[in-house]
Amino acid sequence: AIVAQVNDLFLAYTSCVFAMLGLRAMFFIIDQLANKFALLKYGVSVVLVFIGVKLIISHWYHVPPAFVCLVLVSAIGISMVASVLADAYKPESEDGGDVMAH
């Protein structure tokens, strides 16, 4: 989409290439974070749904950028805090996991 809007084709193609490389690197970062924070996938899904709804309603209503940033940071932050709290308050097994203790 940006290729049709930019007059300099070199600039348009290089920006697309760097965007793809950035998304590839971001995928590996999110993959590592998802392994560390169990509930992060729900935060990312909230972000994706919010962006989809924002794109759908953009013809009728302009969502302020500050509100968009607030929703994105809040969704990811709350899911990370919830993951840490869920791990901290996870009940430990009473016998320590040793089945043959008796």
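These numbers come from a predicted model, not from an experiment.

Draft legend 1. Structural detail: the overall build of the chain. Each helix and strand in the chain was counted, giving 4 helices and 0 strands. The N-to-C order of helical and strand elements in the chain reads α-α-α-α. When burial is assessed residue by residue, the chain has 12% of its 102 residues classed as buried. A fraction of 50% describes how many contacts in the chain between residues 6 or more apart in sequence connect residues 24 or more apart. In the structure as shown, the chain presents an accessible area of about 8,500 Å², 72% of it carried by carbon and sulfur atoms.

Draft legend 2. Structural context of the side chain of S83. Its place among the elements puts S83 in helix 4 (residues 65–88). Engagement of the side chain of S83 in a polar contact is seen with the backbone nitrogen of A38, the distance being 3.5 Å. The residues contacting S83, other than those within four sequence positions of it, are F37, A38, L39 and L40.

Draft legend 3. Just helix 4, in detail. In this model helix 4 runs 34 Å from its N-terminal to its C-terminal C-alpha over 24 residues, within 8% of the 34 Å that 1.5 Å per residue would give. If you check which residues of helix 4 are buried, you get V68, V71, A75, S79 and S83. Looking at the buried residues of helix 4, the elements they touch are helix 3 (40–57).

Draft legend 4. Representation of a nonpolar patch on the surface. Nonpolar side chains collect at one region of the surface, where V49, V53, I56, I57, W60 and Y61 lie side by side and expose about 670 Å² of accessible area between them. On the secondary structure map, V49 appears in helix 3.

Draft legend 5. Region of interest: the packing of helix 3 against helix 4. Where helix 3 contacts helix 4, the two axes come as close as 7 Å, and the packing angle between them is 165 degrees. Here helix 4 runs roughly antiparallel to helix 3, going by the angle between their axes. Seen along the crossing, helix 3 lies across helix 4 with a hand that is right-handed. Only F67, V68, V71, L72, A75, I76, S79, M80 and S83 of helix 4 make contact with helix 3, whose side of the interface consists of L40, G43, V44, V46, V47, F50, I51 and K54.

Draft legend 6. Spotlight on the packing of aromatic side chains. Within this structure, the stated rule accounts for 2 aromatic pairs. On the basis of an interplanar angle of 70 degrees and a centroid distance of 5.4 Å, the ring pair of F27 and F28 is categorised as edge-to-face. Residue class for F27 comes out exposed when judged on its relative accessible area of 52%. When its relative accessible area of 45% is taken as the criterion, F28 is described as partly exposed. Judged by centre distance (6.1 Å) and plane angle (65 degrees), the rings of F50 and F67 are edge-to-face. Residue F50 is found in helix 3, and its partner F67 is found in helix 4; the two are separated by 17 residues along the sequence. According to the relative accessible area criterion, F50 is buried, its value standing at 16%.

How each quantity is defined
- Residues numbered from 1 in each chain as written.
- Predicted model: local features only at pLDDT ≥ 70, side-chain atom pairs only at ≥ 80, totals over all residues.
- Heavy atoms only, no water.
- Helix = DSSP H or I, 4+ residues; strand = E, 2+ residues; numbered from the N terminus.
- Buried < 20%, exposed > 50% of the residue type's maximum accessible area, 1.4 Å probe, protein only.
- Contact = heavy atoms within 4.5 Å.
- Areas by Shrake-Rupley, 256 points an atom, 1.4 Å probe, with all protein chains shown as cover.
- Polar contact = N/O pair within 3.5 Å; in protein donor to acceptor, adjacent residues only side chain to side chain.
- Expected span 1.5 Å × (residues − 1).
- Patch = residues over 30% accessible without salt bridge, like charges linked within 9 Å, V, L, I, M, F, W, Y side chains within 5 Å.
- Salt bridge = Lys/Arg side-chain N within 4 Å of Asp/Glu carboxyl O.
- Axes fitted to C-alpha atoms, helices over the stretch in contact; angles between N-to-C directions.
- Parallel < 35°, antiparallel > 145°, perpendicular 65-115°, else oblique.
- Left-handed = near helix turned anticlockwise from the far one by under 90°.
- Phe/Tyr/Trp six-rings, centres within 6.5 Å; stacked < 30°, edge-to-face > 60°.

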